[in-house]
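Coordinate analysis (summary)
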Amino acid sequence: MRPVTRAEPSLRGALLDMLRLSLGGAVALGFARFAYALLLPTMREDLGWSFTLSGAMNAANALGYLLGALIAAPLIRRAGLGRVFAGAMFLTALTLLACAATGLSAPLLTLRFLSGVGGALVFVSGGGLAALATRAHPERSPLLLGVFYGGAGIGMLLSAALLPPLLTHGWRGAWLALGLAALACIPLSAPALRRLPTQAASGPARTPAVSLRPLAWTLAAYTCFGVGYIAYMTFIVAFLKGAGAQAWITPFWALLGLSVVLHPFVWAPVTARLRGARAMTAQLLTLAAGAALPLLGTSPPVLLLSGALFGGSFLAVVAFTTLITRRTLPEHAWARGIAAFTVLFAAGQVAGPLLTGLLADRAGGLRLGLGVSAVVLLLGAVLAWGQGRGSERNP
């Protein structure tokens, strides 16, 4: 029998901590953002929403995400990564519970905005914690980061299990279930917060702010990703229902979430091997293909392939931004780099649902808007190709 080395338990412990930390992604994205796609057809039918208003609900969430990204750095400096992470999870859970209380557009837009603020704070602080946790195993950082970001898939799988039976009785019970599940995730993530490092290394005294110019191509590509992916994630369930594929919505969503959970095992070897942003180019090309497939047909094999390709790649792009930040910037600038990606991501997500909703209302359906999202993802792939490897300073 091969002897167990001291590093192996440490790596297993790091993976377990990343899994616990990934519950933040389950709350911030799986519940607070993506589960809305499952609720949208029922809410739209009950409340008489247009596609534009339907998209505005997720645009409000993205606008809150933008604000959260902008205020994350000063909050983290004052309160620390762990406190911001836990507090933001609690804020997000409360907003989910409150969505069950009203069908009025203005309060719902406000609650979607606040859940976006909480989600951004969870992701920036959680991304900072995850990046610091990779210091002990830098060679396994793609896998560790992938496990953290795969938490959104856990939230999607739970949504697929919880929501469809509840939605047969209306949408309010579904929001309550999401809020209660989010509250339950807080104590489950707490052990990781007690063990993980919560402070990055300090930068040298009197050193000017680190330039983000080496990340320019990746930042531009990530903005396109924000526009393109959120249109698919917001409206794909409504599109499938309109196309007569309602019976396949739950299996499709479950496969989408499972693919998110498994994505580190597919993309971690690729991102570890490729330099620059070549991995991001491949990820965005895969996403564009997944987004375009439902436009070509809605047979079950096509839908499931679309879900597998899209679910297996979109959080890989998010994880890659933390990896490229870690490779390119000094440690004391990692939080700033992650926040910059989050800000541009949020800006793209504000535009994506509104653009798709407007196109859907004017064109009489979602097909054109989803097609535009696939094209924007292709543009992001082209931009990511421009990111060179010469600026990388960390392995």
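Predicted, not measured: the structure shown is a model, and the values here were computed from it. (Residues numbered from 1 in each chain as written. Predicted model: local features only at pLDDT ≥ 70, side-chain atom pairs only at ≥ 80, totals over all residues. Heavy atoms only, no water.)

Quick look at the overall build of the protein
Counting its regular elements, the protein contains 16 helices and 0 strands. Computed over the C-alpha atoms, the radius of gyration of the protein is 20 Å, within 12% of the 21 Å expected from 2.2 N^0.38 for a compact globule of 395 residues. For the protein, the spread of C-alpha atoms along the three principal axes comes to 55 × 55 × 40 Å. Per-residue burial for the protein yields a buried fraction of 57% across its 395 residues. (Helix = DSSP H or I, 4+ residues; strand = E, 2+ residues; numbered from the N terminus. Rg over C-alpha atoms; globule rule 2.2 N^0.38 Å. Buried < 20%, exposed > 50% of the residue type's maximum accessible area, 1.4 Å probe, protein only.)

Some details on the packing of aromatic side chains
By the definition in use, this model includes 16 aromatic pairs. Centroid distance Phe310 to Phe314: 5.8 Å. Interplanar angle 35°. Geometry classified as tilted. Residue class for Phe310 comes out buried when judged on its relative accessible area of 0%. On the accessibility criterion, Phe314 (1% relative accessible area) is buried. Residue placement shows Arg44 over the ring face of Phe51; its charged tip is 3.7 Å from the ring centre. Over the ring of Trp385 we find Arg278; its NZ or CZ atom is 3.9 Å from the centre of that ring. (Phe/Tyr/Trp six-rings, centres within 6.5 Å; stacked < 30°, edge-to-face > 60°. Lys NZ or Arg CZ within 6 Å of the ring centre and 35° of its normal.)

Considerations on the packing of helix α11 (residues 249-273) against helix α14 (residues 314-328)
Interhelical geometry of α11 versus α14 gives an angle of 40° and a closest axis separation of 9 Å. Accordingly, the angle class assigned to the pair α11 and α14 is oblique. Like other packed secondary-structure pairs, α11 and α14 cross with a definite hand, here right-handed. For the pair formed by α11 and α14, the contact residues are Val260, His263, Trp267, Thr271 and Ala272 on the first element and Phe314, Leu315, Ala316, Ala319, Phe320, Leu323 and Arg327 on the second. In the contact of α11 with α14, the residues fall into 9 nonpolar, 2 polar and 1 charged. (Axes fitted to C-alpha atoms, helices over the stretch in contact; angles between N-to-C directions. Parallel < 35°, antiparallel > 145°, perpendicular 65-115°, else oblique. Left-handed = near helix turned anticlockwise from the far one by under 90°. Contact = heavy atoms within 4.5 Å. Nonpolar A, V, L, I, M, F, W, Y, C, P; charged D, E, K, R; others polar.)

A closer look at the side chain of Thr95
Tracing the sequence through the fold places Thr95 in helix α5 (residues 81-98). Taking relative accessible area as the criterion, Thr95 reaches 4% and is therefore assigned buried. Setting aside residues no more than four positions away along its own chain, Thr95 makes contact with Leu111, Leu114 and Ser115.

Some details on the environment of Ser313
For Ser313, the position within the fold is in the loop between α13 (300-311) and α14. For Ser313, a relative accessible area of 2% translates into the label buried. A C-alpha to C-alpha distance of 20 Å links Ser313 and Gly119, two positions 194 residues apart in sequence. In this structure, Ser313 is in contact with Trp267, Gln283, Thr286 and Leu287, ignoring residues within four places of it in sequence.

Points about the pattern of salt bridges
Enumeration according to the criterion identifies 2 salt bridges in this entry. Where Arg20 meets Asp17, a salt bridge forms, and the shortest distance between an N and an O atom there is 3.8 Å. Taken as a pair, Arg20 and Asp17 lie in helix α1 (residues 7-21) at a separation of 3 residues, close to a single helical turn. Assessed through its relative accessible area of 8%, Asp17 is described here as buried. Glu45 is the salt-bridge partner of Lys241, the closest N and O atoms lying 3.6 Å from each other. Separated by 196 residues along the polypeptide, Lys241 in helix α10 (residues 216-242) and Glu45 in helix α3 (residues 36-47) bring together distant segments of the chain. (Salt bridge = Lys/Arg side-chain N within 4 Å of Asp/Glu carboxyl O.)

Considering the packing of α3 against helix α4 (residues 51-79)
It is at 11 Å that the axes of α3 and α4 come closest, and there the two elements cross at 145°. When you trace α3 past α4, the crossing you get is right-handed. Where α3 approaches α4, its residues Tyr36, Leu40 and Arg44 are matched on the opposing element by Phe51, Ser54, Met57 and Asn58.

What about a nonpolar patch on the surface?
A cluster of nonpolar residues, Leu67, Leu70, Ile71 and Leu75, forms a patch on the protein surface that exposes about 310 Å² of accessible area. As for its placement among the helices and strands, Leu70 is situated in helix α4. According to the relative accessible area criterion, Leu70 is exposed, its value standing at 53%. (Patch = residues over 30% accessible without salt bridge, like charges linked within 9 Å, V, L, I, M, F, W, Y side chains within 5 Å. Areas by Shrake-Rupley, 256 points an atom, 1.4 Å probe, with all protein chains shown as cover.)

Examining the nonpolar core
Among the nonpolar cores identified, the biggest contains 132 residues, and Phe34, Phe225, Trp253 and Phe314 are the most heavily contacted of them. If one sorts the elements of this core by residue count, α10 sits on top with 16 residues. (Core = buried A, V, L, I, M, F, W, Y, C linked by side-chain atoms within 4.5 Å.)

With respect to helix α16 (residues 367-385)
For α16, built from 19 residues, the straight-helix expectation of 27 Å at 1.5 Å per residue is met to within 8% by its first-to-last C-alpha distance of 28 Å. Three or more residues of α16 are buried, namely Gly369, Leu370, Gly371, Ser373, Ala374, Val376, Leu377, Gly380, Ala381, Leu383 and Ala384. (Expected span 1.5 Å × (residues − 1).)

Remarks on α5
Taking 1.5 Å as the rise per residue, α5 with 18 residues should run 26 Å; its terminal C-alpha atoms sit 26 Å apart, in good agreement. Restricting attention to buried positions, one finds in α5 the residues Leu81, Gly82, Val84, Phe85, Ala88, Met89, Thr92, Ala93, Thr95 and Leu96. Across the axial projection of α5, the buried residues extend over an arc of 165°, all falling on one side. (Arc of directions from axis to C-beta.)

Some thoughts on the state of the cysteines
Per the counting criterion, the structure on display carries 0 disulfides. Not part of a disulfide, Cys185 finds its nearest cysteine sulfur in Cys99, a span of 17 Å. The class of Cys185 is buried, set by a relative accessible area of 6%. (Disulfide = S-S within 2.5 Å.)

Function cannot be inferred from these measures alone, as they are strictly geometric.
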